[in-house]
Structure formats: C-alpha cells, structure tokens
Amino acid sequence: MFWDFWVEALDEKLLKELGFSGACVFGEAKAKELKVLKGQKDFTVLVSNDEKAQQLAAKRSSVDAIAGFIEDKVLREMAQRNIALLVKFSDLLDSKNKARTFYYTTKTVKLARKIRTPIVVCSGAKDKWQLRSVSELVGFGEALGLTAKEAKEALFKFQEKVWKRQELKRTGRYISLGVVKK
Amino acid sequence: MVKPKNRKRYIGFKIISDKEIEPKEFEKAVKDSFMRLFGEFGLSSANPKLLYEFWDKNTGVLQTNNIAIPKIKISLALLKEIGGIKIIVQTLKVFGTLKKIKERF
C-alpha cells in the first residue's frame, strides 16, 4: 500500500495505474490558521525555508510535516515530536537550477536520516502529467541517499500512521498522541 | 568465480501519453536528461541504450548497469515532454538477462 501525500490534481484512475492506493489532495491555507487546521484536516504541512517558522511549528507540533531546506536543530525537534520531513519530486521537476535543488534536498535528507526524522516522499503533482509512479519515487529516494528499504518506507510508513490516527479521530476514540479510548 | 562489478541490467518501461512516441526521440531525450543531471562522465559510466527490438507501442527496454539504475530512474522521471507531447514514464521491472525479457515481452 503506497500513498502519494501531495497531489494538487487528483486523477484516481491514473494514480491506481501508477501503483498508489491512496492520495492526499493539497489545499492552501494561511500560516495563522495552522493550529486550527491540524484538528480539522487529515494532514497539515508547513512549506517554508524560514528557520524561525520551522522551529516554531516543530516546537508547538502544530503540523504533521515540514517541507523545505531544514537545519539539524529543527530536524532534531521534529524527530522528538514525530513530525516528518516532506520531500516533493515536483520541486526538482520545476526547478530552474536542478543541481542546487538536488544538492540541498540531498543534504537535508541525509541529516534527517542521521537524526532519524521520519521522511515522506511524494510527487507534489500540480497536474496529472506531473504524477510519478511508485518505482520512480523509490528511485528518487535512493538517489537522495536513502537505502532501497528506506525509500520504500518513505511512501507508506508515516502515511499509514496518519491514516490510522485519522480513522481513530473519525470514530471518536483518539484522545492525544499515544492515548486512545478502548 | 569473481563477478564483475558492473553487471548489465535491463529496465522495462511504459510511456503514458496521448500519442505514440518515436523510439529514437525517446532515447535522445533520456540521454539529454541524464547528461543534464549527471554530466558526461555519468553518462559514459551508465551508458544507457534503448533496445529497439523490444520497442512496441510506447513500451520498451533500456540497457544499463546495476550501479546506474536509480540514476536512470530519476532521469526517466524527469522527462516531461518529447516533441511537444506530454508524457509520464513508468518503469515496470528490472531484468537481469535478455532471456527473461523475451519471456515477458
């Protein structure tokens, strides 16, 4: 079961053909609303390269994942609070300076791997032609410095945890992280 | 017996697009994409080749070596369009021998 956790244009038939069993559809929101959004939405991501914003979001655990170039200090906070590092393939696809983007993404992923921050790899597709198959995203993960096993896990491990948490919330059994009603 | 470090591998792939793609154009696009990302040295060590005998309606096989497989996968994923036709390349399977490809294709 693989999940694409950032899709802006949903094409269910094509997603199934590419090997995914589920996807998370992207919707934009203002930074002020983040704390409120985490309770309502399935998966909240902070997209920012600003270190202060990243640190604040990690400290307050107001998001599920952070996307961008992240320093080790913030990555450590994220690992403690089970916040994932989100890597979008579309960042590399749309980038004008691919070498630079690839370098910084690899650097961040290597640090996250060392600190054991959860990593989520997704396509970040803005239209259906930017969707990529499971094997391509696994290859992307491997090229970023992950092992084959870790690259596969980046497509389902954290995503399944989020999915289970949301299911518990829907049934009203979820209280807080690690605390569930019987 | 000591096995050589670079062993041949064959990547089976499928192109998702509205129209059919010419195999020569595709091979050129893959090499260009690989060259842009990994340079001439990377291209010479990976040496990707399209096997024309297995090309059939946007499905084909690329020959490379075991070390370059993730790099080839990235350069395939970075292909957006060929000759103005938008495409998605999906790798199907990595084969070790030509015999296995003949069984599948």
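Caption draft 1: Representation of the overall build of chain A. The number of helices and strands found in chain A is nine helices and eight strands. The C-alpha radius of gyration of chain A comes to 16 Å, within 12% of the 16 Å expected for a compact globule of 182 residues. When the backbone C-alpha atoms are referred to their principal axes, chain A occupies close to 45 × 40 × 30 Å. Considering chain A as a whole, with its 182 residues, one finds that 46% of them fall into the buried category. Element-wise, carbon and sulfur atoms account for 51% of the exposed surface of chain A, whose accessible area totals about 9900 Å². For chain A, the separation between the mean place of its 36 positive charges and that of its 23 negative charges on side chains is 6 Å.

Caption draft 2: Expanded view of the environment of Arg76(A). Note that Arg76(A) resides in helix H4 (residues 72–80). For the pair Arg76(A) and Ile115(A), spaced 39 residues apart in the sequence, the C-alpha separation amounts to 6.4 Å.

Caption draft 3: Here's a closer look at the nonpolar core. Ranked by size, the top nonpolar core spans 44 residues in total, and within it Phe20(A), Ile66(A), Met78(A), Phe89(A), Phe140(A) and Leu155(A) carry the most contacts. In this structure Phe89(A) touches Cys122(A), Ser123(A), Arg132(A), Leu137(A), Phe140(A), Ala77(B) and Leu78(B), once residues within four positions along its chain are discounted. Listed in part, the 22 residues of the second largest apolar core include Phe13(B), Ile15(B), Ala46(B) and Ala68(B).

Caption draft 4: The arrangement of the pattern of salt bridges in detail. Residue and element names in this part refer to chain A. Evaluation of the coordinates by the stated rule reveals 10 salt bridges over all chains. Across the pair Arg76 and Asp72 runs a salt bridge whose closest N-O atoms are separated by 4.0 Å. Here the residue Arg76 and the residue Asp72 both occupy positions in helix H4, the gap between them amounting to four residues, near one helical turn. With a closest N to O distance of 3.6 Å, Asp91 and Lys88 form a salt bridge. According to the relative accessible area criterion, Lys88 is buried, its value standing at 12%.

Caption draft 5: Fine view of the interface of chain B and chain A. Residue-level contacts link 18 residues of chain B with 21 residues of chain A. Carbon and sulfur atoms make up 66% of the area that chain B and chain A hide from each other, which totals about 1700 Å². Where chain B meets chain A, there are one salt bridge. Of the charged contacts in the structure, one is a salt bridge between Glu17(A) and Lys14(B), with a shortest N-O distance of 3.1 Å. The tally of links from chain B across to chain A stands at seven residue pairs in polar contact (both at pLDDT 80 or more). Residue assignment for the side of chain B that touches chain A shows that the elements contributing at least two residues are strand S1 (8–17), helix H2 (69–77) and strand S5 (85–95) of chain B. Along the lines of polarity and charge, the residues of the side of chain B that touches chain A split into 10 nonpolar, three polar and five charged.

Parameters at a glance
Residues numbered from 1 in each chain as written. Chains lettered and ligands numbered in written order. Predicted model: local features only at pLDDT ≥ 70, side-chain atom pairs only at ≥ 80, totals over all residues. Heavy atoms only, no water. Helix = DSSP H or I, 4+ residues; strand = E, 2+ residues; numbered from the N terminus. Rg over C-alpha atoms; globule rule 2.2 N^0.38 Å. Buried < 20%, exposed > 50% of the residue type's maximum accessible area, 1.4 Å probe, protein only. Areas by Shrake-Rupley, 256 points an atom, 1.4 Å probe, with all protein chains shown as cover. Lys, Arg positive; Asp, Glu negative; His and termini not counted. Charge placed at Lys NZ, Arg CZ, Asp CG, Glu CD. Core = buried A, V, L, I, M, F, W, Y, C linked by side-chain atoms within 4.5 Å. Contact = heavy atoms within 4.5 Å. Salt bridge = Lys/Arg side-chain N within 4 Å of Asp/Glu carboxyl O. Buried area = accessible area lost by both parts, 1.4 Å probe. Polar contact = N/O pair within 3.5 Å; in protein donor to acceptor, adjacent residues only side chain to side chain. Nonpolar A, V, L, I, M, F, W, Y, C, P; charged D, E, K, R; others polar.

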